[in-house]
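Per-entry structural report
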Amino acid sequence: MANGQWYPPEWPDRIRALAAGTLTPVSPRRAATVLLLKDTPDGPAVHMLRRRASMAFAGGAYAYPGGGVDPRDDDRLVRWAGPTRAWWAERLGVDEPDAQAIVCAAVRETYEEAGVLLAGPDADSVVGDTTGGDWEADRAALVAREVSFAEFLDRRGLVLRSDLLGAWTRWITPEFESRRYDTWFFVAALPEGQRTRNASTEADRTVWIRPAEAAARYDKGELLMMPPTIATLRQLLPYASAAETLAAAPGRDMTPVLARARLQDGEIVLSWPGHDEFTKHIPTAPTGAETTGGGPA
């Protein structure tokens, strides 16, 4: 049965070019995304958004709030609470400025795309409802890059609550992609008093869905997802609550997952180490039959 795996239609040609040595990989941009969780009577649910069908990349696919690092996220003036930048640098496998930028991107993008803010007046509190007009004006200014996240926090008298995040996994876009990201995935619980909304211009729908249900619908071909999305959903299945998931985060392996393409028996084999379900076999010569649909892996 077809599943919901999505991959760009240009991948086969780009993989062939990479194998032939005629494609030079672009450098990946730093990015962060957040699996926002809340508890329900049936177990934890995760917040997902569906990318608009009109989007050139992954249109119609389900994903989590996230995006690229704003270069200003490296600003050392960001108001901070929780584990130190040095602690995060070791956990994420980067230097301290990068660690701050990545954590800032995770918190900022969650606010920009879901309206949820992991920040508070001090290290022991979190803001409440952020749906008012003044909050929306600030969120829009962040989206437009009219203000930096550090400026936003300072003006509001807030500190970033890095302790509310758990680093979960890291995926790097394959070398044959034209747009590449080095993405750190985090988990976080929805703060009490806050609620999500579809604040992203790139999404036409948002849902709270149990990971098991989302994975089952992917397997049936009902929900389209990129490999990192469905992989992280499956990784959430063993946990009975948001708190249990967050407690497991420090023990997670943060070794980057990077797809590999190799020539074998007259075809290109595309694989993600440790994730056999995503393996693709692509003819070395174009067939004209490749699609973006969710054919079997």
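Remember, predicted model here, so these are calculated numbers, not experimental data. Here, residues in each chain are numbered from 1, in the same order as that chain's written sequence. For a predicted model such as this one, the threshold for reporting local features is a pLDDT of at least 70, and the threshold for listing and counting side-chain atom pairs is 80 or more; totals across whole chains, interfaces and linings nevertheless cover every residue. Values reported for side chains reflect all heavy atoms of the structure, with hydrogen atoms and water molecules removed beforehand.

Comments concerning the overall build of the chain
Which entries qualify depends on this criterion: Helix and strand definitions follow DSSP, with helices as H or I runs of at least four residues and strands as E runs of at least two, each counted in order from the N terminus. The classification of residues rests on relative accessible area computed with a 1.4 Å probe and restricted to protein chains. Under 20% of the type maximum is buried, over 50% is exposed, and intermediate values are partly exposed. The contact definition used throughout considers only heavy atoms, calling two residues in contact when any of these lie within 4.5 Å. Accessible surface area values rest on a Shrake-Rupley calculation with a 1.4 Å probe, where residue burial reflects the displayed protein chains alone.
Within the chain one finds eight helices and 15 strands. The proportion of buried residues among the 297 residues of the chain is 51%. When contacts within the chain are restricted to residue pairs at least 6 apart in sequence, those whose partners lie at least 24 apart make up 71%. Surface summary for the chain: the accessible area is close to 12700 Å², and the carbon and sulfur share equals 50%.

Let's talk about the pairing of strand β2 (residues 43–51)
Put simply, the rule reads: A pair of strands counts as paired when DSSP detects no fewer than two bridges linking them.
Counting buried residues along β2, eight of its nine residues qualify, which places the element largely inside the surrounding structure. Of the pairings in the sheet, the one linking strand β1 (residues 29–40) to β2 comprises four bridges and is antiparallel in character. Bridge pairing in β2 places Asp39 opposite Pro44. In textbook terms, the turn of a hairpin is the stretch between consecutive antiparallel strands, and for β1 and β2 this stretch comprises two residues. In the sheet, β2 pairs with strand β3 (residues 61–63) via two bridges, with the strands oriented antiparallel.

What about the pattern of salt bridges?
Note the threshold: Any Lys or Arg side-chain nitrogen found within 4 Å of a carboxyl oxygen on Asp or Glu counts as a salt bridge.
Counted according to the given criterion, the structure contains 20 salt bridges. Among the salt bridges present, the one from Arg145 reaches Glu112, with a minimum N-O distance of 2.7 Å. Remark: Glu112 occurs in helix α3 (residues 96–114) and Arg145 occurs in the loop between α4 (133–143) and α5 (149–156); sequence separation between them is 33 residues. Across the pair Arg156 and Asp134 runs a salt bridge, and its minimum N-O distance is 3.5 Å. In this pair, Arg156 sits in helix α5 while Asp134 sits in helix α4, placing the two residues 22 residues apart along the sequence. In this structure Arg156 comes out as partly exposed when scored by relative accessible area, which is 25%. Judged by its relative accessible area of 45%, Asp134 falls in the partly exposed class. Through salt bridges with shared partners, a single network forms among Asp70, Arg72, Asp73, Arg108, Glu109, Glu112 and Arg145.

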